[in-house]
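Reading the structure
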Amino acid sequence: MLKKELNIETKVVHGNKYYDTNTGAISFPIYQSATFRHMGKEGEYDYSRQQNPTREELENAIANLEDGRFGFAFSSGMAAISTVLKLFPPGQHIIVSEDLYGGTYRIFENIYSKYGIEFTYVDTSQKHTVESAFKENTAAVFIETPSNPMMKVTDITAITGMAKERNILTIVDNTFLTPYLQKPLSLGADIVVHSGTKYLGGHNDTLAGFIIVNDEAIADRLRLIQKSEGAVLAPFDSWLILRGIKTLGVRMEKQQKNALQIAQWLKHHKKVESVRYIGLPEHEAYEVSRKQASGFGAMISFTVNNMETAEQILSKVKIILFAESLGGVESLITFPVGQTHGDIPISIRERLGINEKLLRLSVGIENVDDLINDLEQALG
Ligand SMILES: *Cc1c(COP(=O)(O)O)cnc(C)c1O
């Protein structure tokens, strides 16, 4: 008997409609139009800031993948996160994972705190630290799991349980695992955000961001913010992400297989002090990951013996490219302290272990032996 509910490997290939119902086109068309003639039909398109058929197909596709009811596509992950923050009026308080994408920290501290929203950064992988951070005016918990760059894992159900008791929202940044491996809404989260620039797009060719929710009242508010501000994903970029998502399953499988082999290899290198990969059984939250996700993704952080070795690796890698971003088919390596996390205060960075010896590796789909050989010659 075939299962009635489609498996995610099938869902990623077919998007929402499977094909364009106007023309039969298998590759969903890029409706490159800012405005639409009024046709006197129900639910017709009007103006592309409000809705565009290509963006709509993508929004419905991502909602399906996350097992959510409503999806929204934005011009970047940060535009999506910024939209979520506008749900909260001044005076409210949000608890945030302290190990966090640097740009998210920057927008919270340098922009939204000036509009009167208060943030407390805690280790959300520890239930008691979250418990003690709740205040009278706490309106939400914002978590990134696995976290960037230290690969800490937060137990999503534990957080959503605490949040529901207090009638507040849980927001999960699901960029690192994607719905292919982790579905926060089904674990009780209210809002999922993504940088679609990373695994969903998968080819380092465009920026994109997403929000997915189940609650209709929240969806209505998000829709109002989206159409009023216009940080929407353009038709061509929506098409690029639709195309990227078709191979999300095969990319993720290959990337995480490569990542596990590389993490195991790094562990035994004499110049490597520690390896953080959530798929290693010695990772402190290995069991939590197994419980809430169907895989471990392809992000690895590791520390080397000293800063000179870190610099040497960055200058000597050939196949692995020294560049920001992650999740694409190309393997990339970054130096968080100098790049993605440069805006995090030194005191927080040091506490988390984001130092001059730390490197972050986004493993791509290349041949794993070639990647290991490249690391070997770079480590020297
Ligand atoms: C990259 C990233 C973002 C920001 O997304 P952009 O598409 O670069 O705006 C947010 N969260 C995480 C976890 C990211 O990796």
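Before going into details, it helps to say that this report is about the structure given with it. One numbering rule holds for all chains: residues counted from 1, following each sequence as written. Local features in this predicted model are restricted to residues whose pLDDT is 70 or higher, and side-chain atom pairs enter the listing and the counts only when it is 80 or higher, whereas totals over whole chains, interfaces and linings include all residues. Side-chain metrics rest on all non-hydrogen atoms present in the structure, leaving aside hydrogens and water.

1. A look at the site of the ligand
For clarity, the threshold we go by: Neighbouring residues are identified by heavy atoms, a residue being near a molecule or strand if any of them is within 4 Å of it. Pairs of N or O atoms within 3.5 Å make up the polar contacts considered here, provided that, within protein, one atom can donate a hydrogen while the other can accept it, and that residues adjacent in sequence are counted only when both atoms are side-chain atoms. Methods summary: accessible areas were calculated by the Shrake-Rupley approach with a probe of 1.4 Å, and residue burial reflects only the protein chains presented. Here a strand is any run of E in DSSP of at least two residues, a helix any run of H or I of at least four, and the numbering for each starts at the N terminus. The classification used treats Ala, Val, Leu, Ile, Met, Phe, Trp, Tyr, Cys and Pro as nonpolar, Asp, Glu, Lys and Arg as charged, and all other residues, Gly among them, as polar.
Taken together, 15 residues are adjacent to the ligand, and G77, D173, S195, T197 and K198 come closest. Between the ligand and S195 there is a distance of 2.8 Å, counted from an oxygen atom to a side-chain nitrogen or oxygen. The protein chains hide 94% of the 380 Å² of surface that the ligand would expose on its own. When residues in the shell around the ligand are grouped by element, the largest group, 3 residues, is from helix α3 (residues 77-85). Residue composition of the shell around the ligand, grouped by class: 6 nonpolar, 6 polar and 3 charged.

2. Brief notes about helix α14 (residues 368-379)
Our working rule: By this rule, a helix spans an expected 1.5 Å times one less than how many residues it contains. For the exposure calls, accessible area comes from a 1.4 Å probe over protein chains only, and a residue counts as buried if that area is under 20% of its type's maximum, exposed if over 50%, partly exposed in between. Along the arc lie the directions from the helix axis toward the C-beta atoms. Any two residues whose heavy atoms approach within 4.5 Å at even a single point are treated as in contact.
Between its terminal C-alpha atoms α14 stretches 16 Å, which fits the 16 Å expected from 12 residues at 1.5 Å a residue. Among the residues of α14, V368, L371, I372, D374, L375, A378 and L379 are the ones counted as buried. Burial along α14 is one-sided: seen end-on, the buried residues are contained in an arc of 155°. Those residues of α14 that are buried lie in contact with α10 (248-267), β8 (272-276), β9 (299-304), α12 (307-316) and β12 (358-362). You can read the cap of α14 off the contacts: a side-chain oxygen lies 2.8 Å from the backbone nitrogen of D369, and it is on N367. Directly beyond the C-terminal end of α14, a positive phi value near 70° is found at G380.

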